[in-house]
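Structural description and commentary
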Amino acid sequence: MINIPKGTKDVLPAQSYKWQFVEDCAKKVARAFNISEVRTPVFEHTELFARGVGDTTDIVNKEMYTFLDKGGRSITLKPEGTAGVARMFIENGLSSSPLPMKSYYITPCYRYERPQAGRLREFHQFGVEVYGSPSPAADAEVISAASAFLKELGISDVELQINSIGCKTCRAAYNAALKEYFAPRLGEMCPACRERFEKNPLRMLDCKEETCKAIAANAPKILDYLCPDCANHFAEVQRLLTAQGIKYVIEPNIVRGLDYYTRTVFEFVSTAIGAQGTVCAGGRYDGLIAQLGGPQTPAVGFAAGLERLILLMENTSVPFRPQPVPAIYLAGMDELTRQKAFALAGSLRAAGIAAECDVMERSVKAQMKYADKIGARYVAVIGETELSNGAANVKNMADGSQCMVPFDGLAGYLSK
Ligand code: ATP
Ligand code: MG
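Just so it is clear, the structure is predicted and the values come from calculations on it, not from any experiment. (Residues numbered from 1 in each chain as written. Chains lettered and ligands numbered in written order. Predicted model: local features only at pLDDT ≥ 70, side-chain atom pairs only at ≥ 80, totals over all residues. Heavy atoms only, no water.)

1. Topic: the side chain of Gln 125
By the secondary structure assignment, Gln 125 is in strand E6 (residues 122-131). Taking relative accessible area as the criterion, Gln 125 reaches 8% and is therefore assigned buried. Setting aside residues no more than four positions away along its own chain, Gln 125 makes contact with Glu 80, Gly 81, Tyr 105, Ile 106, Thr 107, Cys 109, Arg 111, Ala 303, Ala 304 and Leu 306. (Helix = DSSP H or I, 4+ residues; strand = E, 2+ residues; numbered from the N terminus. Buried < 20%, exposed > 50% of the residue type's maximum accessible area, 1.4 Å probe, protein only. Contact = heavy atoms within 4.5 Å.)

In structure tokens:
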């Protein structure tokens, strides 16, 4: 017996309706915001993520699935969706297409992490990327799309936390203040934070270790260091959110600690799924496309973790759109009537109606039992009388009522 690899999950037949619901909601919201789907490869050159995610991040330092392919190239399974889309944008010269480019993806992601509730090695993201607009309106639109997605799912138990991490100018002064604050406490902090202190002190605010978290809680706040342009941008984002009735709280410790992340950052957080509470995270990354060798292009986006959303919905009893059931089960008795049941099922299916018939060579009694188990809405037994009359006795399984329906009227009857 070969087991599933650690940190991965199967979606079983009886569970897939949850995924379909979540993905349909994502697509519906994308349509409403006129966001087009894009698909990029599951693997890319390792260099793309090293530069596009950043080599001081946990993702690049510890979590990537990297291997040499048979041609000796270093290849990495995508740990997130943005870098691939940015590469696609640059490689296809999309900066000369009408901007903004608004795209979304639903993709598996791979990170070598310690598996726990809401943290897997293969997981899935619904992400949105808007390229080409420096305006706070784009930030607000992206946040509004994320919020609409959660609403479409029926999730209300989340808090939108926003922050601004400024630009290069504000960051220089802020990094100096952080270093001054953390320097005397460095001895108590984890080895990763001691390294972050040297390379990118902003990331120390994102540490998951309790001691580090407690120390970081009182660190200087970036919002006190924003330059006037960044402060105005942040204020305008807030005005636009308020104008749309989107509630938020300002959480000064949210960071995306890379050089090319700028200004707005945000997270949707739930307390109902334990420590892994962030179901959706995003922000502005005006430096990313240039960093990857493309033309300077402002960008803003988010990614939502689908496993965490499903977990949240399960834990808080948010209903999923139910599993569709077959409209009718057509039972046959002997060779001829079974053939008829099979043919009727075929023409109903061609008309887009979910019909089932026996492929297990079961007795009529066992077929009825099965029809009940799979929740068929109607059942019809095709016997000799039915065959000669050209009509089926269709039984409504919900109320037990019966109705004679000519074979050629079945599709019409069932689609009522
Ligand atoms: P965390 O702080 O929880 O590690 P992150 O900052 O690494 O999250 P992002 O890179 O921002 O996460 O990814 C966006 C979203 O993808 C997260 O908010 C989360 O919902 C989901 N996600 C990230 N890593 C995992 C994982 N290993 N398993 C399941 N979902 C994940
Ligand atoms: Mg992580």
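2. Things to note about the sheet that holds strand E9 (residues 262-269)
Sheet strands associate in pairs through backbone hydrogen bonding, adopting either a parallel or an antiparallel arrangement. Read from one edge of the open sheet, eight strands run E1-E5-E6-E11-E10-E9-E7-E8, paired in mixed fashion. Pairing within the sheet leaves two strands with one partner each, and these edge strands are strand E1 (36-37) and strand E8 (249-250). Sitting on the sheet, helix H9 (residues 228-243) is in contact with strand E7 (159-164), E8, E9 and strand E10 (278-284), with an inclination near 160° to E7. (Pairing = 2+ DSSP bridges. Axes fitted to C-alpha atoms, helices over the stretch in contact; angles between N-to-C directions.)

3. Side note on helix H7 (residues 191-199)
What H7 keeps buried is the set Cys 193, Arg 196 and Phe 197. Buried positions in H7, seen along its axis, are confined to an arc of 110° and lie on one side of it. For H7, the exposed residues set more than 90 degrees away from the buried face come down to Pro 191, Glu 198 and Lys 199. Those residues of H7 that are buried lie in contact with helix H3 (58-63), helix H6 (168-182) and helix H8 (210-217). (Arc of directions from axis to C-beta.)

4. Looking at the domain arrangement of the protein
When the parts of a complex come together, some accessible area is lost, and that lost area is often used as the size of the interface. Here the protein is described as being made up of domain 1 (13-167 + 227-315) and domain 2 (328-414). The centre of domain 1, based on its C-alpha atoms, is set 48 Å off from the matching centre of domain 2. (Domains from an automatic or database assignment.)

5. Details of the pattern of salt bridges
Where charged atoms from two side chains of opposite charge come close, those side chains can pair. If you walk through the whole model with that rule in mind, you get 20 salt bridges. Note that Glu 152 and Lys 28 form a salt bridge whose closest N and O atoms lie 3.0 Å from each other. In this pair, Glu 152 is assigned in helix H5 (residues 136-153) and Lys 28 in helix H1 (residues 16-32), connecting sequence segments 124 residues apart. Across the pair Arg 349 and Glu 356 runs a salt bridge, and its minimum N-O distance is 4.0 Å. With relative accessibility at 41%, the residue Arg 349 sits in the partly exposed group. By relative accessible area, Glu 356 is classed as partly exposed at 24%. Each of the salt bridges in this network shares a partner with another, and the network as a whole consists of Glu 44, Arg 87 and Glu 91. (Salt bridge = Lys/Arg side-chain N within 4 Å of Asp/Glu carboxyl O.)

6. Points about H9
Taking 1.5 Å of rise per residue, 16 residues should cover 22 Å, and H9 covers 22 Å from first to last C-alpha, within 8% of that figure. Among all positions in H9, only Cys 230, His 233, Phe 234, Val 237, Gln 238 and Leu 241 are buried. Each buried residue of H9 lies within a common arc of 135° when the element is viewed along its axis, so the set occupies one face. In H9, the exposed residues that point more than 90 degrees away from the buried face are Pro 228, Asp 229, Asn 232, Arg 239 and Ala 243. Elements in contact with the buried residues of H9: H5, E7, H6, E8, E9 and E10. Immediately downstream of H9, the backbone of Gly 245 shows phi near 75°, a positive value. (Expected span 1.5 Å × (residues − 1).)

7. Some thoughts on the site of ligand 1
Close to ligand 1 lie 16 residues; Arg 111, Glu 113, Arg 119, Leu 120 and Lys 208 are nearest. Contacts to ligand 1 include Glu 113, whose side-chain N or O atom sits 2.6 Å from a nitrogen atom. Protein contact buries 88% of the 590 Å² of open area that ligand 1 shows by itself. In terms of residues, the shell around ligand 1 owes the most to one element, E10, which gives four residues. (Near = heavy atom within 4 Å. Polar contact = N/O pair within 3.5 Å; in protein donor to acceptor, adjacent residues only side chain to side chain. Areas by Shrake-Rupley, 256 points an atom, 1.4 Å probe, with all protein chains shown as cover.)

8. With respect to the environment of Ser 96
Position of Ser 96 among the secondary structure elements: in the loop between helix H4 (82-91) and strand E5 (101-110). Ser 96 sits in the exposed class, given a relative accessible area of 68%. A polar contact of 2.9 Å, which involves the side chain of Ser 96, links it to the backbone oxygen of Gly 93.

9. Here's the deal with unusual backbone geometry
Residue Pro 100 follows Leu 99 across a cis peptide bond; omega there is 5°. For Pro 100, the position within the fold is in the loop between H4 and E5. Residues other than glycine seldom take positive phi values, yet Ser 317 does so here, at roughly 55°. Note that Ser 317 resides in the loop between helix H11 (306-315) and strand E12 (328-332). By relative accessible area, Ser 317 is classed as exposed at 64%. Even without being a glycine, Glu 361 presents a positive backbone phi close to 55°. Examined against the element boundaries, Glu 361 turns out to sit in the loop between strand E13 (355-357) and helix H13 (364-373).

10. What about the packing of H1 against H5?
Two quantities define a packed helix pair, namely the angle between the helix axes and the distance between the axes. Two elements in contact, H1 and H5, have axes whose closest approach is 9 Å; the angle formed by their N-to-C orientations is 140°. Taken as axis vectors, H1 and H5 run oblique relative to one another. In terms of crossing hand, the pair formed by H1 and H5 is right-handed. Of H5, the residues touching H1 (which contributes Phe 21, Val 22, Cys 25, Ala 26, Lys 28 and Val 29) are Ala 145, Ala 148, Phe 149, Glu 152 and Leu 153. Tallied by class, residues from the contact of H1 with H5 come to nine nonpolar, no polar and two charged. (Parallel < 35°, antiparallel > 145°, perpendicular 65-115°, else oblique. Left-handed = near helix turned anticlockwise from the far one by under 90°. Nonpolar A, V, L, I, M, F, W, Y, C, P; charged D, E, K, R; others polar.)

11. Observations regarding the environment of Ile 155
Following the sequence through the fold, Ile 155 ends up in the loop between H5 and E7. Leaving out residues up to four positions away in the same chain, Ile 155 has contacts with Leu 150, Leu 309, Leu 312, Met 313 and Val 318.

12. Description of the pairing of strand E14 (residues 378-382)
Burial within E14 is extensive, with four of its five residues counted as buried. Relative to E14, E12 runs parallel, the two sharing five bridges. Note on E14: the bridge partner recorded for Ile 328 is Tyr 378. Judged from the three bridges that link them, E14 and strand E15 (residues 391-396) form a sheet pairing that is antiparallel.

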